Amino acid sequence: MFSWVTNMSDANILKKKLTITFSIIIFLIVCSGVLGWLLTQQIEKSDKIINVVHRLKESELQLRGEEKNLLIRGYSQERYLRWQKAKEGFHLSVGELIGLKALTDSEINELNANHTELSNIYNRFFDEIRAAALSQNEIAKYDEQFKNTGRKTLATIDNILSREQATSSSTDIQADVLIVIFLIVFVATVGFLIVNVLKHL
């Protein structure tokens, strides 16, 4: 009789331990799924932002290339249209980054101010170059203005890129840490389950 009661008590203890262990395992699976999904979303967002920032940088470099073409080869409608296209690409990329909430207010203001300045310089340059041939000194002056504005814009873009790459690396580390923690806890829980089952056999 005492043996039967002891066996019933052991069976109840084992049942409770199994229930708790399986509950922990299910909880871990749900938590890891949710955290994994959140980290995946963050990684995808960071990758998208980095791609857009690269496009932004390409547009800025293309603008600089078209400025050089005009300075060296003189005005043509085709070169002007290529500059306009690069400018539109730049603004589209900035708009995308704003939509992704990837820019601070100061960065938005900085990029907009630089490109307002660039557009003003460029419009003056176009008016002058279409009206008459510019001297070497005038061309050099415009070249310096374009270069300074372009450098300021590229510095801002490089800062955004560095920050996003750091965020992406941090998210990757968080994902690795999460996987390691999940594995350790999962293995410990399964080990606890196996030990308790073996004890009651």
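Thresholds, definitions, all that
- Residue indices begin from 1 for each chain and proceed along its sequence in written order.
- Reporting of local features is limited, given that this is a predicted model, to residues whose pLDDT is at least 70; pairs of side-chain atoms are given and counted only at 80 or more, and all residues count toward the totals for whole chains, interfaces and linings.
- The basis for every side-chain value is the complete set of non-hydrogen atoms in the structure, without hydrogens or water.
- We define a salt bridge as a side-chain nitrogen of Lys or Arg found within 4 Å of a carboxyl oxygen belonging to Asp or Glu.
- Numbering of helices and strands starts at the N terminus; helices are DSSP runs of H or I of at least 4 residues and strands are runs of E of at least 2.
- Partly exposed residues are those whose accessible area sits between 20% and 50% of the maximum for their type, while under 20% is buried and over 50% is exposed, using a 1.4 Å probe and protein chains only.
- In this scheme, patches are assembled from residues that exceed 30% relative accessible area and form no salt bridge. Like charges are connected within 9 Å, while nonpolar side chains (Val, Leu, Ile, Met, Phe, Trp, Tyr) are connected within 5 Å.
- For accessible areas, the Shrake-Rupley method is used with a probe of radius 1.4 Å. Any residue's cover is judged against the shown protein chains and nothing else.
- Residues counted as positive are Lys and Arg, residues counted as negative are Asp and Glu, and His and the chain ends are not counted.
- For charged residues, the charge sits on one atom: NZ in Lys, CZ in Arg, CG in Asp, CD in Glu.
- The predictor attaches a confidence to each residue, and that confidence, scored 0 to 100, is pLDDT.
- Two residues qualify as a contact provided that any one of their heavy atoms is within 4.5 Å of a heavy atom in the partner residue.

Visitor: With reference to specific residues and values, describe the pattern of salt bridges.
Guide: It is possible for side chains of opposite charge to pair when their charged atoms get near one another. Under the counting rule described, the total for this entry stands at 10 salt bridges. D143 is the partner of K68 in a salt bridge, and the nearest nitrogen-oxygen pair spans 3.2 Å. Of the two residues, K68 sits in helix α1 (residues 2–73) while D143 sits in helix α4 (residues 136–199), which places them 75 residues apart along the sequence. In this structure K68 comes out as partly exposed when scored by relative accessible area, which is 34%.

Visitor: Any details on the environment of L118? Residues and values, ideally.
Guide: Along the chain, L118 turns up in helix α3 (residues 105–131). Along the primary structure L118 and F186 are separated by 68 residues, whereas in three dimensions their C-alpha atoms are 58 Å apart.

Visitor: Run through a negative patch on the surface, naming residues and quoting values.
Guide: Where like charges cluster on the molecular surface, the negative patch consists of E44, D47, D172 and D176. Looking at the negative patch, the elements with two or more residues in it are α1 and α4. Tracing the sequence through the fold places D176 in helix α4.

Visitor: Just give me the short version of the environment of I20, but keep the residues and values in it.
Guide: Here I20 lies in helix α1. With 146 residues separating them in the primary sequence, I20 and A166 have C-alpha atoms 40 Å apart.

Visitor: Describe the confidence of the model for the chain, naming the residues involved and giving the relevant values.
Guide: As a note on interpretation, predicted positions should not be read in detail where pLDDT is low. Taken as a whole, the chain shows an average pLDDT of 81; of its residues, 91% reach a score of 70 or greater. Averaged pLDDT values over the elements of the chain bottom out at 78 in α1 and peak at 85 in helix α2 (residues 77–99). Every residue in residues 1–5 scores below 50 in pLDDT, and together they form zero contacts with partners more than four places removed in sequence or on other chains.

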